[in-house]
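# Reading the structure
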Amino acid sequence: MHYNEPALVVFSGGQDSTTCLFWAKEHFSAVHALTFGYGQKHAHEVDVARALAEKAGVPIDVMDTSFISTLSHNALTDTSIPMDEDKPAGGPPNTFVPGRNLFFLSIAAVFARERGIRHLVTGVSQTDYSGYPDCRDSFVKALNVALNLGMEEQFCIHTPLMWLDKSQTWALADRLGVLDTVRRETLTCYNGVVGDGCGHCPACKLRRAGLEKYLAQKAGTL
């Protein structure tokens, strides 16, 4: 479906949000990107996001939300906490930043409202969600209702990756003609390494497994 309306993409410069940026360009009449600096250790992602938005021909704004890093202790904002490399039993990994997607989408909605935009796009996925509760479909739908009620608006939050695993996300990037861009120029790595990343953080392992599965499927060997 193509909407003759603009959309705002919550954009980090990682694999998922970059794929969503190009997906949005295909489905909306105009696209704007909004990136957040929230005190993340891999803060270089903001520069990566700017470069990718420029490449895509999409205007971008960067918002300081560093207050998020002061609200909780987690491995993405606190350099003293060793990062979980595997999902622990009985709860989210310590790379979970409580409230991050809640704040991002709420701020994005206000930002969009002031610009006459009602469509929001985010790259969250319940299929490969790493145990983060704020990546689930139920959370996004509940927040969408709350935002509409709280601002008397009709926002629509789009989650094109919600039911895709990482191999399917790679397939979507390939269909959109940006597989090489996503592979070489995005920053998914929690240690701040662009492209294929450090190889051992949770984000890199998930990304790599998905890529290998997709490439094998594409080659007809899987």
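Details of the structure are given in the entry above.
Here goes a summary of the coordinates provided. (Residues numbered from 1 in each chain as written. Predicted model: local features only at pLDDT ≥ 70, side-chain atom pairs only at ≥ 80, totals over all residues. Heavy atoms only, no water.)

### What to know about the environment of threonine 79
Selection criterion: Going along the chain from the N terminus, every DSSP run of H or I of four or more residues is numbered as a helix, and every run of E of two or more is numbered as a strand. Buried, partly exposed and exposed residues are distinguished by accessible area as a fraction of the type maximum, computed with a 1.4 Å probe on protein chains only: under 20%, between the cut-offs, and over 50%, respectively.
Relative to the assigned elements, threonine 79 resides in the loop between strand 3 (60–64) and helix 3 (100–113). Note on threonine 79: relative accessible area 69%, which makes it exposed.

### Describing unusual backbone geometry
Across residues other than glycine, the phi torsion is negative in most instances, and most of the peptide bonds are trans. A positive phi angle, close to 50 degrees, is found at glutamate 152, a residue other than glycine. Examined against the element boundaries, glutamate 152 turns out to sit in the loop between helix 4 (137–151) and strand 5 (156–158). Residue class for glutamate 152 comes out exposed when judged on its relative accessible area of 72%.

### Points about the packing of helix 1 (residues 15–27) against helix 5 (residues 166–175)
Heads up, the condition is: For every element, the axis is a line fit to its C-alpha atoms; helices are fit only across the contacting stretch, and the angle between N-to-C directions ranges from 0 to 180 degrees. The scheme is simple: roughly parallel for angles under 35 degrees, roughly antiparallel for over 145, roughly perpendicular for 65 to 115, oblique for anything else. Put simply, a crossing is left-handed when the front helix is turned counterclockwise from the back one by less than a right angle, and right-handed when it is turned clockwise. Contacts between residues were defined by any pair of non-hydrogen atoms, one from each residue, lying within 4.5 Å. When residues are grouped by polarity, Ala, Val, Leu, Ile, Met, Phe, Trp, Tyr, Cys and Pro land in nonpolar, Asp, Glu, Lys and Arg in charged, and all others, Gly among them, in polar.
For the pair helix 1 and helix 5, the least separation of the axes is 10 Å and the interaxial angle reads 40 degrees. In terms of orientation, helix 1 and helix 5 fall into the oblique class. Handedness of the crossing formed by helix 1 with helix 5: left-handed. Between helix 1 and helix 5, the contacting residues are Gln15, Asp16, Thr19, Trp23 and Glu26 on the first element and Lys166, Thr169, Trp170, Leu172, Ala173 and Arg175 on the second. Here the contact of helix 1 with helix 5 is composed, by residue class, of 4 nonpolar, 3 polar and 4 charged.

### Brief notes about helix 1
Keep this limit in mind: In this scheme, a helix's expected span is set at 1.5 Å multiplied by one less than its residue total.
With 13 residues, helix 1 extends 19 Å from end C-alpha to end C-alpha; this agrees with the ideal 18 Å at 1.5 Å per step. Within the sequence span of helix 1, burial applies to Gln15, Asp16, Ser17, Thr18, Thr19, Cys20, Leu21, Phe22, Trp23, Ala24 and His27.

### Let's talk about the nonpolar core
Heads up, the condition is: Nonpolar cores are built from buried Ala, Val, Leu, Ile, Met, Phe, Trp, Tyr and Cys residues. Side-chain atoms within 4.5 Å join them into one set.
One finds Leu8, Phe11, Leu21 and Val121 to be the most contacted residues of the largest nonpolar core, which totals 63 residues. For this core, the element with the highest residue contribution is helix 3, accounting for 6 residues.

### A closer look at the packing of aromatic side chains
Operational definition: A pair of aromatic rings is counted whenever rings of Phe, Tyr or Trp (Trp by its six-membered ring) have centres within 6.5 Å, and the orientation is called stacked for planes under 30 degrees apart, edge-to-face for over 60 and tilted otherwise. In this analysis the charged atom, NZ for Lys or CZ for Arg, is taken to sit over a ring once it is within 6 Å of the ring centre and within 35 degrees of the ring normal.
Within the structure shown, the criterion is met by 6 aromatic pairs. One aromatic cluster is present, built from ring pairs that chain together Tyr3, Trp23 and Phe28. One residue, arginine 115, lies across the ring of phenylalanine 111, its end atom 3.5 Å from the ring centre.

### A closer look at the pattern of salt bridges
Pairs can form between side chains of opposite charge once their charged atoms are near each other. What counts is decided by this rule: The salt bridge definition used is simple: a Lys or Arg side-chain nitrogen within 4 Å of an Asp or Glu carboxyl oxygen.
For the structure on display, the rule yields 12 salt bridges. Taking the shortest distance from any N to any O, the salt bridge between lysine 55 and glutamate 185 comes out at 2.6 Å. Of the two residues, lysine 55 sits in helix 2 (residues 45–56) while glutamate 185 sits in helix 6 (residues 179–185), which places them 130 residues apart along the sequence. Each member of the salt-bridge network shares a partner with another, and the members are Arg113, Glu114 and Glu153.

### Considering the sheet that holds strand 2 (residues 28–37)
Heads up, the condition is: Note on pairing: two strands pair once DSSP finds at least 2 bridges between them.
Sheet architecture is open: 5 strands sit in the order 3-2-1-4-5, paired in parallel fashion. One side of each edge strand has no neighbouring strand; the edge strands of this open sheet are strand 3 and strand 5. Between one strand axis and the next, the sheet turns through 25 degrees on average, direction left out of account. As defined by bridge partners, strand 2 adjoins strand 3 across 5 bridges and the pair is classed as parallel. Along strand 3, the bridge assignment pairs leucine 34 with aspartate 61.

### Topic: helix 2
Our working definition: When we speak of the arc, we mean the arc of directions from the helix axis to the C-beta atoms.
Relative to the 16 Å expected for 12 residues at 1.5 Å per residue, helix 2 spans 16 Å between its end C-alpha atoms, a close match to the ideal helical length. Buried within helix 2 are the following residues: Glu45, Val46, Val48, Ala49, Leu52, Ala53 and Ala56. The arc that holds every buried residue of helix 2, seen down its axis, measures 155 degrees, which confines them to one face. Among the structural elements, helix 1, strand 2, strand 3 and helix 6 are those in contact with the buried residues of helix 2. Of the residues trailing helix 2, glycine 57 is marked for its positive phi of about 70 degrees.

### Section: the pairing of strand 1 (residues 3–10)
Sheet analysis places strand 1 next to strand 2, joined by 6 bridges and oriented parallel. Bridging from a neighbouring strand, valine 10 pairs with leucine 34 of strand 2. Pairing analysis gives 3 bridges linking strand 1 to strand 4 (residues 119–121), with the strands arranged parallel. Across the sheet, alanine 7 pairs through a bridge with histidine 119, a residue of strand 4.

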